[in-house]
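Per-entry structural report
Now for the letters of each chain:
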Amino acid sequence: MMKKMSIPTSKTSLVLFLCQIISALDVPLDSKLLEELSQPPTITQQSPKDYIVDPRENIVIQCEAKGKPPPSFSWTRNGTHFDIDKDAQVTMKPNSGTLVINIMNGGKAEAYEGVYQCTARNERGAAISNNIVIRPSRSPLWTKEKLEPNHVREGDSLVLHCRPPVGLPPPIIFWMDNAFQRLPQSERVSQGLNGDLYFSNVQPEDTREDYICYARFNHTQTIQQKQPISVKVFSMDSLNDTIAANLSDTDIYGAKPVTERQPVLLTPTGSTSTKVELRGNVLLLECIAAGLPTPVIRWIKEGGELPANRTFFENFKKTLKIIDVSEADSGNYKCIARNTLGSAHHVISVTVKAAPYWITAPRNLVLSPGEDGTLICRANGNPKPSISWLANGVPIAIAPEDPSRKVDGDTIIFSHVQERSSAVYQCNASNEYGYLLSNAFVNVLAEPPRILTPANKLYQVIADSPALLDCAYFGSPKPEIEWFKGVKGSILRGNEYIFHDNGTLEIPVAQKNSAGTYTCVARNELGKIQNEVQLEIKDPTMIIKQPEYKVIQRYGQVSFECIIKHDSTLLPTITWLKDNDELPDDDRFLVGKDNLTIMNVTDKDDGTYTCIVNTTLDSVSASAVLTVVAAPPTPAIIYARPNPPFDLELTGQLERSIDLSWIPGDENNSPITNFVIEYEDALHEPGVWHYQTEVPGTQTTVHLKLSPYVNYSFRVIAVNKIGRSQPSEPSEQYLTKSASPDENPANVQGIGSEPDNLVITWEPLKGFQSNGPGLQYKVSWRQKDVDDEWTSVIVANVSKYIVSGTPTFVPYEIKVQALNDLGYAPEPSEVIGHSGEDLPMVAPGNVQVHVINSTLAKVHWDPVPLKTVRGHLQGYKVYYWKVQSLSRRSRRHVEQKILTFRGNKTFGMLPGLEPYSSYKLNVRVVNGKGEGPASPDKVFRTPEGVPSSPSFLKITNPTLDSLTLEWGSPTHPNGVLTSYTLKFQPINNTHELGPLVEIRIPANESSLILKNLNYSTRYKFYFNAQTSVGSGSQITEEAVTIMDEAGILRPAVGAGKGYSEILFATSPVMHTVRPTFYKVQPLYPRIRNVTTAAAETYANISWEYEGPDHANFYVEYGVAGSKEDWKKEIVNGSRSFFVLKGLTPGTAYKVRVGAEGLSGFRSSEDVFETGPAMASRQVDIATQGWFIGLMCAVALLILILLIVCFIRRNKGGKYPVKEKEDAHADPEIQPMKEDDGTFGEYRLFSFVSSAPF
């Protein structure tokens, strides 16, 4: 009984053109056969569905098809017939459907955008292409934008946005500097998927002005460049140095240090996001975090594992990449950013959709008349695609009827087909994410059998191996195949043979007696044909003497044998391998006919050696191991540096080259590895030796290239593993001839020092670069963008030339060319410089002030025309000063403050204003020369604020039942005082507080007598002032009424009646209240008068202490109104002041001071507010060393003059002396700080104002 089975196509000579479905025929791709058979059209080549073309080149839309007879071609565009004969720009290639649209001769690619479809048609049907969408690529220019410099504090995060122009296809983004070098990226600095550059935290080395984003458009081979982005990082050390230069030695200050912080995600934002990706695509998920230290990113999939072998991490693990995604990859992916302070996470919900993909694509059918067959079109996707059929490019519902076909969803069933049933069918599977279109023809043929395998083909196999004898055939109906052995042999049957469906006969174990002639017979109802093939059986190749394991001493000799036996008709080849690799390229390895010999064996020869024997039919191999052991001990060898070379000789002297030879010295048991050649220029640098070149240790001559006008001497140094030898004796001298210079000066610049000149500078050539005597420079210049001739002058060997009489601040083209007595250097490149700057001509106009609150205002102005700047615009300066305090009038110094705003900025903030005051300001433009005229002074006023605490509170004249209170008005009223508020409560012997009593006192009062108090009782008082805005800081005091001298015991506070009918000189009678007492700290010791002086990020805290010595203080603080726990700072030593650092600008804080070990004793709370971010103050002239020295010299001179006057007066002279004293005090200086470039410089000037305050 015959056995049938399928074998891989590679084992046959058939290449299938179509696959058999049910009873369909297989048609081999035999060129002769295909020329004879009729065949419907088949699309063999077409352009991609989404075809982006280069608008600068001709558009080629491919459509190639085959068929018998050859098909004709037609096109549709946007669903209608495209008549190419009516468009002179469109042609179709001969014998092809490919369109060529001529763009290079006047056509526009945009005019041919659209959806194209090709139809290939012959008498047996019509095949159609995909819908080909033609779109020209686009590479738009970057939109112009004004980029402000980025000023950022060290440790903060930063994002530099790229925002490339929208192109087709999207561009490739990368960041480079001005030198076209890629910007280095790391875990801290990296580029996001959107092209932006992210800094998790900035460092001082990130400061640079040339962060440039590039967009590369591959289709048009163009690169667009964004304007450079400037980043300036302010380090804490530089800020501290700036503050220290502005404060005296007694001030306590400190800029906020670089604060470590836990991670915060820069992208994506929020806690969750969604992502939709298509099946088969690459899924890219990204998380970039800010934080210090730099966070590390980790990815997990919730409820599952990341897919193995398809998951990759990129961009320092900030990007998760999963290739070839499927629906199983849907789910929640979490990125976790973590550093030593904490973590942050983000969950991305991924949904994988799918464009249609084939489960079973329709396959061509070749049927015989009367046969049945089916076309099956099955596709899947998410969502599930819909299936539609077309016949010859027409929807099957409206196509001509065919009684042999029946459509059943995704299947077409054919029954009893006839030749007229031949057609091409199209299956379209589509959903919202795309479509699939497949052509499959039904070709009904009636053909007698044909055998395609060449006649008398010879097959050779090794004995005991399988033998495969081909019989490729075709016929319709499908022929039956039979095999015979010998010319008159019987039909082959039995288990020793396997008959394959493609006609191949397989002999599983071929023996010597299997050799001979085999005949293949193919027959169907239309005829019969046969073919003979020959089979030869060969003896196998064998290694009869294999290589053996060997142990050999170092520097010995070893041989491996490999003797073989093979079929006499086969030609063997023998190959040797070492450790499964080629033998080393070394003369010590000698390969013979049947052996391998290794001479002078070293440790590197240790390993496995393999002999491989190959013939055209089989291959065998055998291996053996070689072990190298140490040779017997030898006497110790002394190694040393080589001796210096000698007998240096110069030959072959030419103008620019010479040959140098030498004799090596003794190598001292260590081979010389290389020689170093040095030269001396006795003409320009006598006694100085320079490196020239080096050569291998086996070389004793070298050809040297020389420079003109140099008096050369050479010496040679030998090098081995121990070190370098002493230099050889110098060679004879050789003076090369002079020549014109080969190069021009570097670093040519043009910068004016005065408004009417241009200073041209350069780096002069070095001596040996001059190439000859008489080195000079030709300096040339001309005004840029003006049709002027070059002006040139030849100067001596200097590095500067000044051009006078130039217009103010105009660009010049400049070049500097070297020359000597023999001629000029090559033409130099041009650079652009500017003549000198002059002061700006015009003041900014339309200055407006918007008062934001009592301490902050915003100023606006119109920019001046650039032509009036007359130089490089550096920014604007705002001068402002306080004219008058509206709450009091006094003569005082006026602080004039200056804020500098860099660049072409037209607004800024004025911080640190005093409430309820009148101010003036003006604005000036600044260039490299200086400041322009000031704008007219602008007057503005600040509104009222809350007052400071009363200047003092004194309690005097204690009696049995009364106390007298005196106070001073607030030092800074900050408005019109409306009243004072006094609160007080008694304290008993156990330090419990009684009820709080509050009274309001008119603003014009400065004292008050409290009566009807309890005798011998301590009271605590709280006192503050009010304006219309609110209450100011309070001041506290405590006092005790005196003891009853008569010894009459009155009820104790808290034991009976409290105090009753307490009378005040300025208030009505208070009713008696029975107090409820609370625990308080004891009176002694105590901390009082806690005061604060707050800046932007720190505050100076001071207090007064009464109590035992050596108290250990601490400061507690927190955000005012917050329920968070108090933060505690320990004060070193017994100081009565402390600096709180690291505060947030513009924030209200509460503070109190306590002492350790005193039963939790602490002061009352004080509230202060840090200032907004403010500009840094320039160094005060009074703190400069040169100024102090000058003042000391003046004082010494005055002292000498006084002594002289005193001496002369004692001799009888009379000199009237008039003394004058200026009691004006300097105002308190508050440090200010630069904030993101908003405030650049801050300078303070003092002068006496005649205006009242």
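None of these values were measured; they are calculated from a predicted model.

1. Re the overall build of the chain
When its secondary structure is counted, the chain shows three helices and 96 strands. Residue burial in the chain is summarised as follows: out of 1253 residues, 43% are buried. Of the contacts made within the chain by residues no fewer than 6 positions apart, 66% connect residues no fewer than 24 positions apart. Accessible surface, the chain: about 64,900 Å² in total, of which carbon and sulfur atoms supply 51%.

2. Some details on the side chain of serine 404
Within the secondary structure layout, serine 404 lies in the loop between strand S34 (394–395) and strand S35 (405–408). Among the polar contacts listed, one links the side chain of serine 404 to the side chain of aspartate 402, at a separation of 2.8 Å.

3. A word on the sheet that holds strand S4 (residues 59–61)
Ordered in space as S4-S9-S8, the three strands form an open sheet in which the pairing is antiparallel. One side of each edge strand has no neighbouring strand; the edge strands of this open sheet are S4 and strand S8 (90–92). Within the sheet, the average angular offset between the axes of one strand and its neighbour, ignoring direction, is 20°. As judged from the three bridges shared by S8 and strand S9 (residues 99–101), these two strands associate in the antiparallel manner. Looking at S9, one finds that threonine 91 is bridged to valine 100.

4. Some details on the pattern of salt bridges
Within this structure, the stated rule accounts for 36 salt bridges. A salt bridge links glutamate 419 to arginine 124, with the shortest nitrogen-to-oxygen separation between them at 3.6 Å. Of this pair, glutamate 419 sits in the loop between strand S36 (411–414) and strand S37 (423–431) while arginine 124 sits in the loop between strand S10 (114–122) and strand S11 (125–128), and the two are 295 residues apart along the sequence. Taking the relative accessible area as the measure of exposure, glutamate 419 reaches 45% and is therefore partly exposed. When its relative accessible area of 12% is taken as the criterion, arginine 124 is described as buried. Of the charged contacts, one joins glutamate 447 and arginine 450 as a salt bridge, the two residues approaching to 3.0 Å between their closest N and O atoms. Judged by its relative accessible area of 22%, arginine 450 falls in the partly exposed class. Each of Asp177, Arg208 and Asp210 takes part in salt bridges that share partners, so that together they form one network.

5. Regarding the packing of aromatic side chains
For any pair of aromatic rings, geometry is given as the distance between the ring centres together with the angle between the planes. What the rule picks out here adds up to 23 aromatic pairs. Relative to tyrosine 425, the ring of phenylalanine 414 has its centre 5.5 Å away and its plane inclined at 65°; by these criteria the two rings are edge-to-face. Note that phenylalanine 414 is positioned in strand S36 and tyrosine 425 in strand S37, a separation of 11 residues in sequence. Each member of the pair, phenylalanine 414 as well as tyrosine 425, carries the same accessibility label: buried. One aromatic cluster in this structure is built from Phe174, Phe180 and Tyr214. Taking NZ or CZ as reference, lysine 815 lies 4.3 Å from the ring centre of tryptophan 790, over its face.

6. Some thoughts on the state of the cysteines
By the definition in use, this model includes six disulfides. Covalently, cysteine 377 is tied to cysteine 427 through a disulfide, its sulfur atoms 1.7 Å apart. Between cysteine 377 and cysteine 427, the S-S dihedral sits near -65°, and the bridge is therefore left-handed. Highlighted residues: cysteine 377 in the loop between strand S31 (373–376) and strand S32 (378–382) and cysteine 427 in strand S37, separated in sequence by 50 residues. Accessibility expressed as a relative area gives 0% for cysteine 427, which makes it buried.

7. Description of unusual backbone geometry
Cis geometry is found at the peptide bond from lysine 68 to proline 69, where omega equals 0°. Following leucine 292, the chain continues to proline 293 via a peptide bond in cis, the omega torsion being 5°. Positive phi values are uncommon outside glycine, yet asparagine 974 reaches one of about 55°. The residue asparagine 974 is located in the loop between strand S81 (963–970) and strand S82 (979–987) in this model. The exposure class assigned to asparagine 974 is buried, which follows from its relative accessible area of 16%.

8. With respect to the environment of glutamate 789
Tracing the sequence through the fold places glutamate 789 in the loop between strand S67 (776–783) and strand S68 (791–795). Residues within four places of glutamate 789 in sequence aside, it is in contact with Trp781 and Arg782.

9. A word on the pairing of strand S59 (residues 657–663)
Within S59, five of the seven residues are buried, leaving the element largely enclosed by the surrounding structure. Note: strand S58 (residues 646–651) against S59, four bridges, orientation antiparallel. From the neighbouring strand, leucine 650 faces S59, where its bridge partner is leucine 660. Linking S58 back to S59 in an antiparallel pair, the connection comprises five residues, with glycine 652 at a positive phi of about 60°.

10. With respect to the sheet that holds strand S62 (residues 701–705)
In space, the three strands of this open sheet follow the order S58-S59-S62, with antiparallel pairing throughout. For this open sheet the edge positions go to S58 and S62, each flanked by a neighbour on one side alone. Neighbour-to-neighbour, the strand axes of the sheet open up by a mean angle of 25°, direction not taken into account.

11. With respect to a nonpolar patch on the surface
A contiguous nonpolar surface patch, about 650 Å² in accessible area, is contributed by Leu1196, Leu1199, Ile1200, Ile1203, Val1204, Phe1206 and Ile1207. Following the sequence through the fold, leucine 1199 ends up in helix H3 (residues 1185–1210).

Analysis parameters
- Residues numbered from 1 in each chain as written.
- Predicted model: local features only at pLDDT ≥ 70, side-chain atom pairs only at ≥ 80, totals over all residues.
- Heavy atoms only, no water.
- Helix = DSSP H or I, 4+ residues; strand = E, 2+ residues; numbered from the N terminus.
- Buried < 20%, exposed > 50% of the residue type's maximum accessible area, 1.4 Å probe, protein only.
- Contact = heavy atoms within 4.5 Å.
- Areas by Shrake-Rupley, 256 points an atom, 1.4 Å probe, with all protein chains shown as cover.
- Polar contact = N/O pair within 3.5 Å; in protein donor to acceptor, adjacent residues only side chain to side chain.
- Pairing = 2+ DSSP bridges.
- Axes fitted to C-alpha atoms, helices over the stretch in contact; angles between N-to-C directions.
- Salt bridge = Lys/Arg side-chain N within 4 Å of Asp/Glu carboxyl O.
- Phe/Tyr/Trp six-rings, centres within 6.5 Å; stacked < 30°, edge-to-face > 60°.
- Lys NZ or Arg CZ within 6 Å of the ring centre and 35° of its normal.
- Disulfide = S-S within 2.5 Å.
- Patch = residues over 30% accessible without salt bridge, like charges linked within 9 Å, V, L, I, M, F, W, Y side chains within 5 Å.

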